[in-house]
Every structure is written in structure tokens, then in C-alpha cells.
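For reference, the chains in residue letters:
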Amino acid sequence: MAEIELRGVAKKFGDLWAVKPMDLVIHDGEFVALLGPSGCGKTTTLRMISGLEAVTEGRIFINGKDVTWLSASQRDIAFVFQFFALYPQMTVRQNIAFPLESQGMKRSEINLRVEEVVRLLEIGHLLKRKPAALSGGDKQRVALARALVRKPSCFLMDEPLGALDAEFREVMRAEIKRLHLAQHATTVYVTHDQVEAMAMGDRIVVMSAAEIQQIGTPAQVYHDPANLFVANFIGSPGMNLVPGKYADGLVHLQGGSTYPVPPAWRLPLAIRLPGNDVIVGFRPEAAQVSGTGAIQGTIYASDLHGSYSMLHVSLNGEARGNGNGGDKIIHIRARRDVHHAMGSTVRFDLDPAMVRFFDPETGKAVSREVRG
Ligand code: ATP
């Protein structure tokens, strides 16, 4: 079991900050997903925790012990990469037993450990095969078995499912989660796939441009994004973000509609946004289509999903672009059995509990808290 703490940890390659100074505590037994777009510094962060990459600044603690300058092998950590490097000349059993043999463990103890992980991962039928005779999913199971067999105090996983096809990803995702629940080893899991992070993480660390944008549970980053980046990055599609001007309890939205601000938000908006410019954020499911809705738009397109329709709505009523050319296209969820013709008008209200506000100047979410 292990608690990992990063204090002001940073990495510079030449002039480039791959990771700007970050503070992060990963609790004992926790599953934390490092999530962000390509190049944001996830892998570098993981490699610094593992000891494969030296820090430029800061200190790393495992169980309160400063491991900043300890080598990878002295940190009691198992690393699982996307590209599962199994030894091709060894059988599956030999691959799994190898880390224990190289520690000089007794044969009887090795056999017990191997049997245990083989049972857990249900790979008993593969033990005599060589890696070349395994499917991608089975190779990854064996790689996991080899990591698990050492019973490390924590796992660092870098896109371990990246090379698998969609169906296997789902299976292995469930498998890794199940293993985590069975073993409760502290796990840090790097992914650029927000669905994976949301499904697996106890908490998610959202990164962008070498910095942590938010640390929170899947529900927190989804419902209460700390800033516009997280609002847009989490969810597919991301949160609708509509610019407007706040005055006297109303937001005059781009496109001409007026949104009555829920009473609980009026004071925070008045205090936090003296310039009156605001961005109103809401998820597609926060919209409720109704003939008397306060916000009006024009149907730009609609997609049928299993149990609902996703309406693409132009708030400017011009329905001519993808939202980049000044025409704001938003997404709202609607009943699938009501047809909305392209170009027709749609009106909707927003569930007040699901509306968020952002300061366009800083990009940060406006806090509901008015004290302090
Ligand atoms: P990806 O999902 O594409 O792996 P990432 O979020 O894991 O991205 P990193 O691999 O940590 O990002 O890279 C962060 C930045 O540091 C990138 O700009 C990358 O090009 C740069 N970088 C990473 N490793 C090195 C290196 N050894 N030398 C120089 N620059 C590097």
C-alpha cells in the first residue's frame, strides 16, 4: 500500500516546460486517472513518479519517504506500458515468473504467486504459449499478470489499453478496475480518453499545457468544471458555453435570448463579474425543450441516439456554421420521439441546478460561495 505525494514537481526539457510545478497527493489504495490531450505532460509526470525520469524541481514522497533521487527499482512500483514488452522466447508462465526469479525468490513461493495471478486474470490456458501466439488482449493480460505478481505497493499505467480494439478495451477496462478493487493497490493511470478516466478513476487529474487544470471525482469534473478547458474537454460533446452579458438578474445571451439567472447565483455574479461579461455553461441534458422556454434557437441538425435525440441548435438563428464563425451552435438532449425539422425554431429552459457560470477574462468558474 502506498501514498504518493508530489510537492512542486516539475520537468523541463531544454526550454520547454513538459510539466510545470505541480502539487498532488494520491491516497493509499486510490485509483487516479491523469487525463489530458496529447503532449500535456501526463507521461512525463508518470515517469517522474516511477523514477524513470529525473525531476527538474520539486520532491516526490512515497509513504512519507523522500524518493526523489531513488532509482526506479528502489521505489517498489510496477509500470505497465501501452506496448506490452513480453520476452518473446519465454512462455507465458516464464514471463510471469521472471520478475520473482530475478529477485531470487524460492520456487515454491513463485509457483504460489503465479497461480494466484493466473486465477485472477483467468489465463491458465495460456501458460505454455509463447507471446507470438497470443491475441492483443491476452498479451496485455499477461503483461498485467507480470506486473501484479510482484505485489507492488503501486501501479503506474501509461495508456495500457491504447493498442487494443474497442471491444477489448471495454473488457480490459473492467478487468483492471476489478483487479484494483480486489487488490487495492494505489494506481496512477494515464489516458487521453475521458470516457476511460470517468469510468475508472476514483479521482481524475485533468491536465493541459503542462499544468493541472482540476483534480476531482468524475462527478466533480463533469458537473463543476473549474474552468472553460475542463468544461469543454470533459463530456462528449463538451459543456455548452454561451457568452452573454449579466445585468439585474438576467443574462442577455449571444443570439438574442434572455436567461433569468437562478436567485442563488445573482449575488455571486454581481460580486465576481464587475465587467458584466459572462459565459453560461450547461450540459446537453440540462436543457428542457418546451414551447414556452426562455431560450430560443434554430435547429441546425439532429442525431438520433438510442434513447434520445441530440439537437444541434444555432442560437443566432442563422444555422450556417460550426460555431467558429460567430454562429453559436449548442447541443441539447431531447426526446427521441418528437421530430424537430431542420431550420425550425426550438425553445428550451435550463435546469437551474445544472447551470454554471464562467468569467470570460480568466476562464475560471464563478464560485457560488460569496464569503471571503
Ligand atoms: P501523449 O499522450 O502524446 O503521450 P503526454 O501528455 O503524455 O502526451 P508527455 O509525453 O509527457 O505528454 O510530453 C510533454 C511534453 O514534453 C511534450 O511537448 C513532449 O514533446 C515533450 N517531451 C517529452 N519527453 C521528452 C524528451 N525526452 N525530450 C524532449 N521533450 C520531451
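Residues numbered from 1 in each chain as written. Predicted model: local features only at pLDDT ≥ 70, side-chain atom pairs only at ≥ 80, totals over all residues. Heavy atoms only, no water.

Another point: the sheet that holds strand 14 (residues 277-282). Pairing is antiparallel in the open sheet, where five strands are placed in the order 13-12-11-14-20. This sheet does not close on itself; its edge strands, each paired only once, are strand 13 (258-260) and strand 20 (355-358). Averaged over all pairs of adjacent strands, the angle between strand axes in this sheet comes to 40 degrees, irrespective of strand direction. With six bridges connecting them, strand 11 (residues 240-247) and strand 14 associate as antiparallel partners. When the sheet's bridge partners are listed, Val242 is paired in strand 14 with Val280. The strands touched by helix 9 (residues 263-272) are strand 11 and strand 20; relative to strand 20, the strand with the most contacts, the crossing angle is about 5 degrees. (Pairing = 2+ DSSP bridges. Helix = DSSP H or I, 4+ residues; strand = E, 2+ residues; numbered from the N terminus. Axes fitted to C-alpha atoms, helices over the stretch in contact; angles between N-to-C directions. Contact = heavy atoms within 4.5 Å.)

Time to look at the packing of aromatic side chains. On inspection of all chains with the given rule, the structure shows five aromatic pairs. Consider the rings of Phe282 and Phe348, whose centres lie 6.3 Å apart with planes at 45 degrees: the pair is tilted. Separated by 66 residues along the polypeptide, Phe282 in strand 14 and Phe348 in strand 19 (residues 345-350) bring together distant segments of the chain. Overall, the relative accessible area of 0% leaves Phe348 in the buried class. Across from the ring centre of Phe61, 4.0 Å away, lies the NZ or CZ of Arg7, which sits over that ring. Over the aromatic face of Phe31 sits the side chain of Lys177, whose NZ or CZ is 5.2 Å from the ring centroid. (Phe/Tyr/Trp six-rings, centres within 6.5 Å; stacked < 30°, edge-to-face > 60°. Buried < 20%, exposed > 50% of the residue type's maximum accessible area, 1.4 Å probe, protein only. Lys NZ or Arg CZ within 6 Å of the ring centre and 35° of its normal.)

This paragraph deals with the site of the ligand. Inspection of the region around the ligand gives Phe13, Leu16, Ala18, Pro37, Ser38, Gly39, Cys40, Gly41, Lys42, Thr43 and Thr44 as its neighbouring residues. Note that an oxygen atom of the ligand is positioned 2.6 Å from one of the side-chain N or O atoms of Ser38. One of the side-chain nitrogen or oxygen atoms of Thr43 is found 2.7 Å away from an oxygen atom of the ligand. Here the ligand has 630 Å² of accessible area as a free molecule, and 57% of this is covered by the chains. (Near = heavy atom within 4 Å. Polar contact = N/O pair within 3.5 Å; in protein donor to acceptor, adjacent residues only side chain to side chain. Areas by Shrake-Rupley, 256 points an atom, 1.4 Å probe, with all protein chains shown as cover.)

The next subject is the packing of helix 2 (residues 92-101) against helix 3 (residues 107-121). Running from amino to carboxyl end, helix 2 crosses helix 3 at an angle of 130 degrees, the nearest separation of the two axes being 10 Å. As judged from the angle between their axes, helix 2 and helix 3 are oblique. Between helix 2 and helix 3 lies a crossing whose hand is right-handed. The residues of helix 3 that touch helix 2, namely those facing Arg93, Ile96, Ala97, Leu100 and Glu101, are Arg107, Ile110, Asn111, Arg113, Val114, Val117 and Val118. The class makeup of the residues in the contact of helix 2 with helix 3 is seven nonpolar, one polar and four charged. (Parallel < 35°, antiparallel > 145°, perpendicular 65-115°, else oblique. Left-handed = near helix turned anticlockwise from the far one by under 90°. Nonpolar A, V, L, I, M, F, W, Y, C, P; charged D, E, K, R; others polar.)

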